[in-house]
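Structural description and commentary
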Amino acid sequence: MDKPWKISRGPIAATELDVEKANAVNALLIRPVGVLPAKAGDPILPFAVGLFNELRPLLKPEAGVTTLRRATAAYVHCRRYYFASAQPDSMRHSLDGEPVEPLSSEDRLVAQKRFLSLKQTTGKTDAPEQTAEVPAPLLSKSEQIRAALLGKRNAAS
């Protein structure tokens, strides 16, 4: 597969799992950011290049940069984020969720390949837009620990 897709599937809707990952990022920040989905069904918006450097100043004093990096990575390295990034009409978005520039065809192709690789690895054969109806996959041990730690931190706030 050497060419980016030509047909758009439209906005890619976030699932509950995507929202949980977005909430894990927002929990580390002094304020929520608009580029992340707030509820299931919200569109997944590809980040602008360098957006992590804009997130760092919003980090809560008690939160670590490494924790933010891991939470952000968990969000952007998921199947639906790659699928949203691979769309022919996909745009990169600012911290507030405003479109800033189209993804390059090279970036879209990389996202497309990663999406297809993850889709094949998980054994999914149904259409990507139908995955919202499928129960969310179980979290890995490290994701469960991270969620538990973030839950305790939020309860203490």
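Residues numbered from 1 in each chain as written. Predicted model: local features only at pLDDT ≥ 70, side-chain atom pairs only at ≥ 80, totals over all residues. Heavy atoms only, no water.

1. Focus on helix α4 (residues 79–86)
With eight of its eight residues buried, α4 lies for the most part within the structure. Of all the positions in α4, only Arg79, Arg80, Tyr81, Tyr82, Phe83, Ala84, Ser85 and Ala86 are classed as buried. (Buried < 20%, exposed > 50% of the residue type's maximum accessible area, 1.4 Å probe, protein only. Helix = DSSP H or I, 4+ residues; strand = E, 2+ residues; numbered from the N terminus.)

2. A closer look at the side chain of histidine 93
Checked against the element boundaries, histidine 93 lands in strand β1 (residues 91–93). Judged by relative accessible area, histidine 93 falls into the buried class, the value being 8%. Of note is the side chain of histidine 93, whose polar atom sits 2.9 Å from the backbone oxygen of methionine 91. Excluding residues within four positions of it along the chain, histidine 93 makes contact with Val35, Leu45, Pro46, Phe47, Ala48, Leu51, Glu98, Pro99 and Val100. (Polar contact = N/O pair within 3.5 Å; in protein donor to acceptor, adjacent residues only side chain to side chain. Contact = heavy atoms within 4.5 Å.)

3. A closer look at the environment of leucine 95
Tracing the backbone through its elements, the reader meets leucine 95 in the loop between β1 and β2 (99–102). For leucine 95 and proline 32, which are 63 residues apart along the polypeptide, the C-alpha to C-alpha distance reads 9.5 Å. Residues contacting leucine 95, with those up to four places away along its chain left out, are Arg31, Val33, Gly34, Val35, Leu51, Glu54, Leu55 and Leu58.

4. So, the packing of α4 against helix α5 (residues 105–122)
Their axes nearest at 8 Å, the elements α4 and α5 cross at an angle of 145°. The hand of the α4/α5 crossing is left-handed. Along its contact with α4, which presents Arg79, Tyr82, Phe83, Ser85 and Ala86, the element α5 presents Arg108, Ala111, Gln112, Arg114, Phe115, Leu118, Lys119 and Thr122. Partitioning the contact of α4 with α5 into residue classes produces six nonpolar, three polar and four charged. (Axes fitted to C-alpha atoms, helices over the stretch in contact; angles between N-to-C directions. Left-handed = near helix turned anticlockwise from the far one by under 90°. Nonpolar A, V, L, I, M, F, W, Y, C, P; charged D, E, K, R; others polar.)

5. Section: the confidence of the model for the protein chain
Mean pLDDT for the protein chain: 84, with 83% of residues reaching 70 or above. The least confident element of the protein chain is helix α6 (residues 141–156), whose mean pLDDT is 68; the most confident is helix α1 (residues 16–26), at 96. When the criterion is pLDDT under 50, residues 125–136 qualifies, and its contacts beyond four places in sequence or with other chains add up to 13 contacts. (pLDDT = per-residue confidence, 0-100.)

6. Points about the environment of arginine 69
Among the secondary structure elements, arginine 69 is positioned in helix α3 (residues 65–76). Arginine 69 sits in the partly exposed class, given a relative accessible area of 46%. Sequence separation between arginine 69 and phenylalanine 52 is 17 residues, and the spatial gap between their C-alpha atoms is 7.9 Å.

7. Examining the side chain of asparagine 26
Structurally, asparagine 26 can be placed in helix α1. Owing to a relative accessible area of 14%, asparagine 26 belongs among the buried residues under this scheme. Within the local environment of asparagine 26, its side chain forms a polar contact with the backbone nitrogen of valine 33, the two atoms lying 3.0 Å apart. Excluding residues within four positions of it along the chain, asparagine 26 makes contact with Arg31, Pro32, Val33 and Leu36.

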